[in-house]
Amino acid sequence: MPQPAALIFDCDGVLVDSEAIVMRIEQAAIAEAGLSYSPQDYATKFTGLSYDDFFAALDAEHRTRFGQPLERALYERIKDDSVAAMERELEAVPGIADLVAVVTVPTAVASSSFPDSLVMKLRKTGLYGRFAPHIYSTKLVANGKPAPDIFLYAADKLGVPARDCVVLEDSVNGIRAAVQAGMTPWGFTGAGHADPDLAARLTAAGAKTVFDSHAAIALRLKE
């Protein structure tokens, strides 16, 4: 197939293999607060959200179950522990360097990460230079995923109509955001956090196709 007019990448779970690290820390911390979810429910509800939206959702759940808010200290501890763990453990998702080497169209990163954390992840994995200056955090827009704001923002910065963009996402919330943006969503299940049902959930959310590796995407783009 011809390459799309532009390719917009999520970061966590697509470019960098961070979701398994973060989910481990998050689930341990919120269990202390009395909240627990199956891995599938947790991934569907929270993967792809900004930290602010993640904590707001947890806080609402805690108020419903226990009649009181979550302590703000939990939010800060999750953030700090996640950053420290990623600085020690983070690696690029296998195959991403080979994939971006064959992409010939404009590219951007559109992520729910905080701006400083986003830059750290991309620098640590050697990907920053490949995407700069088109590296965008949902802190730049009014609404995080599953709202379409960050994808529309990235497309505008690239100068490409939304309808001509393909989005590569590993989360239900990200796929929903791409659908709302009027873009073509491609699902990705090639990172360390993917469970056996992720492809089905991404398809149900609107992914036009789902890839289990960056090598498979590279082959598709070279067809």
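An account of the accompanying structure is given in this report. Since the structure is predicted, the reported quantities are computational estimates derived from the model, not experimental observations. (Residues numbered from 1 in each chain as written. Predicted model: local features only at pLDDT ≥ 70, side-chain atom pairs only at ≥ 80, totals over all residues. Heavy atoms only, no water.)

### What about helix H8 (residues 149–158)?
- Of the positions making up H8, those classed as buried are Asp 149, Ile 150, Phe 151, Ala 154, Ala 155 and Leu 158.
- Looking at the buried positions of H8, the neighbouring elements they touch are strand E1 (6–9), strand E2 (107–111), strand E3 (135–137), strand E4 (165–169) and helix H9 (172–180).
- Positioned one or two residues after H8, Gly 159 has a phi angle of 75°, which is positive. (Buried < 20%, exposed > 50% of the residue type's maximum accessible area, 1.4 Å probe, protein only. Helix = DSSP H or I, 4+ residues; strand = E, 2+ residues; numbered from the N terminus. Contact = heavy atoms within 4.5 Å.)

### Observations concerning the sheet that holds strand E5 (residues 184–188)
- Spatially, E3-E2-E1-E4-E5-E6 is the arrangement adopted by the six strands of the open sheet, whose pairing is parallel. What marks the edges here is a single partner per strand, and that holds for E3 and strand E6 (209–211). Shown here is a sheet whose adjacent strand axes are inclined to one another by a mean of 25°, direction ignored.
- In this structure, E2 lies alongside E3, joined through three bridges in parallel fashion. (Pairing = 2+ DSSP bridges. Axes fitted to C-alpha atoms, helices over the stretch in contact; angles between N-to-C directions.)

### With respect to the side chain of His 214
- The residue His 214 is located in helix H11 (residues 214–222) in this model.
- Judged by its relative accessible area of 1%, His 214 is buried.
- Among the polar contacts made by the side chain of His 214, one reaches the main-chain carbonyl oxygen of Val 14 at a distance of 2.7 Å.
- Contacts of His 214, omitting those with residues within four sequence positions, involve Val 14, Val 93, Pro 94, Gly 95, Ile 96, Leu 99, Leu 168 and Phe 188. (Polar contact = N/O pair within 3.5 Å; in protein donor to acceptor, adjacent residues only side chain to side chain.)

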